[in-house]
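Architecture and fold: a report
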Amino acid sequence: MDSYQFTNLIALLGVLSRAADIMSTKLVSPTLALEANPLMRRLGWAGAYPSILLGLVAYWHVELGVMVIVASLLVAGSNLFRGWYSRFVGEKEVERLMIHAARQGRLRTAIAFTCGGGLCITVAGALTMWLSGPAQWGYWAGSGVAVYGLAIAGHGSAAVVRWFRKAAKLQSDASEASP
């Protein structure tokens, strides 16, 4: 396979992996109530679908295309892994359960768990990058894993904060409504 065909393949896989991310999100959270990425929540599906074009980054930098593929497939896999639950229980019920959990716990603890999980994934990606070196494809695959871990920590923490804020607002509304 020549470099032109290889670049085309990476771009195609990039677009397909981004589509897998978007479609798995649509299956799990049709209203985006469970979407962790605040930007995607704000833009909605009108912003999500064009993000599929990010897979075309391979035409600019093929190695970044590999990173996009790995990160997008990890997001899609995570969505699908957890998706059965929201599909069977319902998106709104899952959100209600998350808010209920937030009412029972402490924000600091929830963020520590979320960031800890993201950090473990990021370290695995960084280790792969280090073992491979920047001239190897494993480096770019590892960078996709690391980016995924950072997204888990960042977007996951933003979602936790959102659920804690909703829980606090519900608590406040309930106390104002009480005589």
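Placed above this text is the structure.
Treat the numbers as computed from the prediction; the structure is a model and nothing was measured.

Analysis parameters
Residues numbered from 1 in each chain as written. Predicted model: local features only at pLDDT ≥ 70, side-chain atom pairs only at ≥ 80, totals over all residues. Heavy atoms only, no water. Helix = DSSP H or I, 4+ residues; strand = E, 2+ residues; numbered from the N terminus. Areas by Shrake-Rupley, 256 points an atom, 1.4 Å probe, with all protein chains shown as cover. Lys, Arg positive; Asp, Glu negative; His and termini not counted. Charge placed at Lys NZ, Arg CZ, Asp CG, Glu CD. Patch = residues over 30% accessible without salt bridge, like charges linked within 9 Å, V, L, I, M, F, W, Y side chains within 5 Å. Salt bridge = Lys/Arg side-chain N within 4 Å of Asp/Glu carboxyl O. Buried < 20%, exposed > 50% of the residue type's maximum accessible area, 1.4 Å probe, protein only. Phe/Tyr/Trp six-rings, centres within 6.5 Å; stacked < 30°, edge-to-face > 60°. Lys NZ or Arg CZ within 6 Å of the ring centre and 35° of its normal. Core = buried A, V, L, I, M, F, W, Y, C linked by side-chain atoms within 4.5 Å. Contact = heavy atoms within 4.5 Å.

**Some points on the overall build of the protein**
A tally of regular secondary structure across the protein gives 7 helices and 0 strands. Going from N to C terminus, the protein has its helices and strands arranged as α-α-α-α-α-α-α. Counting only C-alpha atoms and orienting by the principal axes, one finds that the protein spans roughly 75 × 35 × 25 Å. Total accessible area computed for the protein in this model is approximately 10,600 Å², and 69% of it derives from carbon and sulfur atoms. If you average the places of the 15 positive and of the 9 negative side-chain charges in the protein, the two averages end up 8 Å apart.

**With respect to a nonpolar patch on the surface**
A grouping of Met1, Leu9, Leu12, Leu13 and Leu16 is seen on the molecular surface, where their side chains present a nonpolar patch of about 480 Å² in accessible area. Looking at where Leu9 falls in the secondary structure, it is placed in helix α1 (residues 3-28). You can call Leu9 partly exposed: its relative accessible area is 33%.

**Here we look at the packing of aromatic side chains**
Counted under the stated rule, the structure contains 5 aromatic pairs. One aromatic cluster is present, formed by Trp84, Tyr85 and Phe88 through successive ring pairs. Directly above the ring of Trp45 sits Lys26, whose terminal nitrogen or CZ lies 4.7 Å from the centroid. Lying across the ring of Trp163, Arg162 places its NZ or CZ 5.3 Å from the centre.

**Here's the deal with the nonpolar core**
By size, the foremost hydrophobic cluster in this structure holds 11 residues: Ile10, Ala11, Val57, Ala58, Val62, Leu64, Val66, Met67, Val68, Ile69 and Trp140. Of all the elements in the fold, those that place two or more residues in this core are α1 and α4 (62-89). Ranked by residue count, the leading element in this core is α4, at 6 residues. With sequence-adjacent residues up to four places away left out, Ala58 is seen in contact with Thr7, Ile10, Ala11 and Gly65.

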